[in-house]
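Working through the structure, step by step
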Amino acid sequence: GTRDGGSRLTVAPGNRTFTQPGEIRALSFSDNGEVSGQVVFAGYGSVVPDSQDFGYDSYATLDVKDKVVVVLRYFPEDADAKTKGILARYSGERFKAMAARQHGAKALLFVTGPRSPNAGELIPMAFDTALAGSGIVAASINGETANALIRPTGKTLEEVQRSFDSGNPHAAGFAIPNLTVSVSTNVVREKRTGYNIAGYLPASSGQPAAKPWIA
């Protein structure tokens, strides 16, 4: 399994620091490290392959090379059923991390928007069967932390999320002016030995025709 050994996010100007466990949490597949950079908000951070004949690329108009990218978790809340069905296939955290890395981002921060299920909550550090890093520093931040990052734009996180929730492929992300962050992640990967126990329960004398059970 995995646990967070003490991740943090520092925002400048102001040098305000957000810490684990309540405000930031590394994703189980994150690389360990500390990176700094300017901040870009990339909507839902999804990229649909050209083979799907569905033009949706959250990075189409953005330069995120060597930047820290902030994206919304899940997929657009108000999109029609067909659009949701397509975007849902490419909404997983690891898939979005791969897309951010391929576009040159240094780090990826997820936030669960106020219009989404589990609004404002951190992403659980679920076991990742790959047990390997994704090649990028990746973490989730809570709603308050995300609002602190969005504040220089003069908007709230809810207003920003609403602008992306129609599923319009032309909704563009944006750089957040005069803001630099430092992201540090510390994923502790643990291996333990587990045992499977099988028990044989014979049929009782009162039920001679019953089959044995395996528990």
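Presented here is a report on the structure given in the accompanying data block.

Criteria and thresholds
- Residues numbered from 1 in each chain as written.
- Predicted model: local features only at pLDDT ≥ 70, side-chain atom pairs only at ≥ 80, totals over all residues.
- Heavy atoms only, no water.
- Salt bridge = Lys/Arg side-chain N within 4 Å of Asp/Glu carboxyl O.
- Helix = DSSP H or I, 4+ residues; strand = E, 2+ residues; numbered from the N terminus.
- Buried < 20%, exposed > 50% of the residue type's maximum accessible area, 1.4 Å probe, protein only.
- Core = buried A, V, L, I, M, F, W, Y, C linked by side-chain atoms within 4.5 Å.
- Contact = heavy atoms within 4.5 Å.
- Pairing = 2+ DSSP bridges.
- Axes fitted to C-alpha atoms, helices over the stretch in contact; angles between N-to-C directions.

**A short note on the pattern of salt bridges**
Side chains bearing opposite charge may pair, as long as their charged atoms lie close to each other. In this structure the tally under the stated criterion is 7 salt bridges. The residue Glu144 makes a salt bridge to Arg16 at a minimum N-O spacing of 3.3 Å. Separated by 128 residues along the polypeptide, Glu144 in helix H3 (residues 143–150) and Arg16 in strand E3 (residues 16–19) bring together distant segments of the chain. The exposure class assigned to Glu144 is partly exposed, which follows from its relative accessible area of 47%. By relative accessible area, which is 40% here, Arg16 ends up partly exposed. One network of salt bridges, with partners in common, ties together Asp78, Arg115 and Asp165.

**Comments concerning the nonpolar core**
Among the nonpolar cores identified, the biggest contains 33 residues, and Leu9, Leu109, Ile141, Leu149, Val181 and Val183 are the most heavily contacted of them. Setting aside its immediate chain neighbours within four residues, Val181 contacts Leu9, Thr10, Val11, Val35, Ser36, Gly37, Val39, Val68 and Leu149. Core analysis: the next-biggest nonpolar cluster, separate from the first, contains 19 residues, Val40, Ala42, Val64 and Ile123 among them.

**Remarks on unusual backbone geometry**
Across the chain, the bulk of peptide bonds are trans and the bulk of non-glycine residues have phi less than zero. A cis amide bond, omega 5°, links Ala12 with the succeeding residue Pro13. Assignment of secondary structure puts Pro13 in the loop between strand E2 (8–12) and E3. Of note in this structure, Asp66 is not a glycine but carries a positive phi near 65°. In this fold, Asp66 is placed in the loop between strand E5 (33–41) and strand E6 (68–72). By relative accessible area, which is 41% here, Asp66 ends up partly exposed. With phi around 60°, Asn118 is a residue other than glycine that occupies positive phi space.

**Let's talk about the pairing of E2**
Side chains Leu9 and Val11 of E2 all project onto a buried face; the interleaved residues Arg8, Thr10 and Ala12 project onto a face where none is buried. One ladder, built from 4 bridges, connects E2 with E3; its direction is antiparallel. Each residue of the ladder has a partner; that of Thr10, found in E3, is Thr17. Linking two consecutive strands that pair antiparallel, namely E2 and E3, is a turn of 3 residues; a positive phi of about 105° is found at Gly14 within it.

**Thoughts on the sheet that holds strand E8 (residues 137–141)**
If you trace the 8 strands from one edge of the open sheet to the other, you get E3-E2-E9-E5-E6-E7-E8-E4, paired in mixed fashion. Of all the strands in the sheet, just E3 and strand E4 (24–26) have a single pairing partner and so form its edges. Averaged over all pairs of adjacent strands, the angle between their axes in this sheet comes to 30°, without regard to strand direction. Strand direction decides the pairing type here: E5 and E6, joined by 3 bridges, are parallel.

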